[in-house]
Amino acid sequence: TVTNNLDIQICTGESYMINNVAYSTTGLHTEIITDGASNGCDSIIALVLNVDDEVTNEFDAEICAGESYVINGVAYNTTDTHTETLIDGNSNGCDSIIILNLTVNDPVTNNLDVDICNGEAYAINNVNYNISGLHTETIPNGASNGCDSIIVLDLLVYNPVPLSEVSSTLCD
């Protein structure tokens, strides 16, 4: 009788074949092959099988609208749970599964209605506005969620009326 010892490592979902028998569980497995040795005797194969699990990593991430989060060359840009499998991606040669819980934040918009007199200015982000109308100012990463802050200014500039054009009758 000839005994052969095998120490084999496989990943979950795989199997190791001996004498047309598939083994897929961790442990010691013994297979006897009648007349299997080169000298005509029986051959005993002692298989120490280690089955390693795939590695799963789950994490949360936030990005701003218009940005992407890239895993394994795949860009994600929607709020959702995304799963990516890296074949043979962990240290034991088994697959690595990445679960990404992605939140995409929108920019924050603030609307301001401001009235000023002619000759005055209204400042946003170090920019002075002194003409009536809608003005938009974007402050990169200025919102509390880390995304852009967009300020929409509806500015109304009043022109003073000269006193000479004002007439009033106090008494009749």
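Up top you'll find the structure we're talking about.
Within every chain, residues take consecutive numbers counted from 1 along the sequence as written. Where local features are concerned, this predicted model is filtered to residues with pLDDT of at least 70; where side-chain atom pairs are given and counted, the filter is 80 or more; whole-chain, interface and lining totals use all residues. Note that water and hydrogens are dropped before the side-chain values are worked out from all heavy atoms of the structure.

Quick word on the overall build of the protein chain
Moving on, step 1. If you tally the helices and strands in the protein chain, you get zero helices and 15 strands.
Moving on, step 2. Here the globule rule reads 2.2 Å times residues to the power 0.38, and the radius of gyration is calculated from C-alpha atoms. Its C-alpha atoms give the protein chain a radius of gyration of 37 Å, clearly above 16 Å, the size a compact globule of 172 residues would have.
Moving on, step 3. Principal-axis analysis of the C-alpha atoms places the extent of the protein chain at approximately 135 × 30 × 20 Å.
Moving on, step 4. Whether two residues are in contact is decided by their heavy atoms: any pair within 4.5 Å suffices. Looking at the protein chain alone, contacts between residues at least 24 apart form 52% of all its contacts between residues at least 6 apart. Note on conventions: DSSP H or I runs of at least 4 residues are helices, E runs of at least 2 residues are strands, and numbering of each starts at the N terminus.

Some details on the sheet that holds strand β5 (residues 43–52)
Moving on, step 1. Two strands pair under a simple rule: DSSP has to find at least two bridges between them. On the basis of which strands lie adjacent, the open sheet formed by three strands has the order β1-β5-β4 and mixed pairing. Only two strands of the sheet have a single neighbouring strand rather than two, namely β1 (2–11) and β4 (27–33). When the angles between neighbouring strand axes are averaged without regard to direction, this sheet yields 20°.
Moving on, step 2. Bridging between β1 and β5 involves ten bridges; their strand directions are parallel. Across the sheet, D7 pairs through a bridge with V48, a residue of β5. Helix axes are fitted to C-alpha atoms over the stretch in contact, other axes to C-alpha atoms as well, and angles between N-to-C directions run from 0 to 180 degrees.

So, the side chain of N101
Moving on, step 1. When you line up the elements, N101 lands in strand β10 (residues 96–105).
Moving on, step 2. Burial status follows relative accessibility: with a 1.4 Å probe on protein chains alone, a residue under 20% of its type maximum counts as buried, one over 50% as exposed, and anything between as partly exposed. Classification of N101 by relative accessible area gives buried; the value is 19%.
Moving on, step 3. Distance and chemistry together define a polar contact, namely a pair of N or O atoms within 3.5 Å, with one atom able to donate a hydrogen and the other to accept it when in protein, and with adjacent residues in sequence counting only for side-chain atoms on both sides. Of the polar contacts made by the side chain of N101, one reaches the side chain of D60; its length is 2.9 Å.
Moving on, step 4. Here N101 is in contact with E58, F59, D60, A61, D80 and T81, once residues within four sequence places are set aside.

Notes on unusual backbone geometry
Moving on, step 1. A positive phi is found at D88, a non-glycine position, where the angle reads about 55°.
Moving on, step 2. Secondary-structure assignment places D88 in the loop between β9 (80–86) and β10.
Moving on, step 3. Phi angles above zero are rare outside glycine, and N126 is one such case at about 65°.
Moving on, step 4. Position of N126 relative to the elements: it lies in the loop between β12 (122–124) and β13 (127–129).

Let's talk about the pairing of β10
Moving on, step 1. By the criterion of burial, β10 is predominantly enclosed, with nine of the ten residues buried.
Moving on, step 2. Sheet analysis places strand β6 (residues 55–64) next to β10, joined by ten bridges and oriented parallel. Its bridge partner being in β10, I63 is matched across the sheet by V104.

Considering the state of the cysteines
Moving on, step 1. For this text, the term disulfide refers to a pair of cysteine sulfurs within 2.5 Å. Here the structure, examined in full by the defined rule, presents two disulfides.
Moving on, step 2. Residue pairing for C11: its cysteine sulfur links by disulfide to C94, the two sulfurs lying 2.0 Å apart. The S-S bond linking C11 to C94 shows a torsion near -95°; that makes this disulfide left-handed. On the criterion of sequence distance, the pair formed by C11 in strand β1 and C94 in the loop between β9 and β10 is long-range, its members being 83 residues apart. Taken individually, C11 and C94 each receive the classification buried, so the pair is uniform in this respect.
Moving on, step 3. Between the sulfur atoms of C64 and its disulfide partner C147 the distance amounts to 2.1 Å. On the S-S bond that ties C64 to C147, the torsion sits near -100°, and the link is left-handed.

Remarks on the environment of N77
Moving on, step 1. For N77, the position within the fold is in the loop between β8 (74–76) and β9.
Moving on, step 2. The spacing of N77 and A65 is twelve residues in sequence and 7.5 Å in space, taken between C-alpha atoms.
Moving on, step 3. Apart from residues no more than four positions distant in its own chain, N77 is found in contact with I63, E67, S68, L102 and V104.

A few points about the sheet that holds β10
Moving on, step 1. Ordered by their spatial adjacency, three strands build an open sheet running β6-β10-β9, and the pairing between neighbours is mixed. Strands with a single pairing partner mark the edges of an open sheet, and in this sheet they are β6 and β9. Neighbouring strand axes in the sheet, compared pairwise and without regard to direction, differ in orientation by 25° on average.

The values are spatial; any link to function lies outside them.
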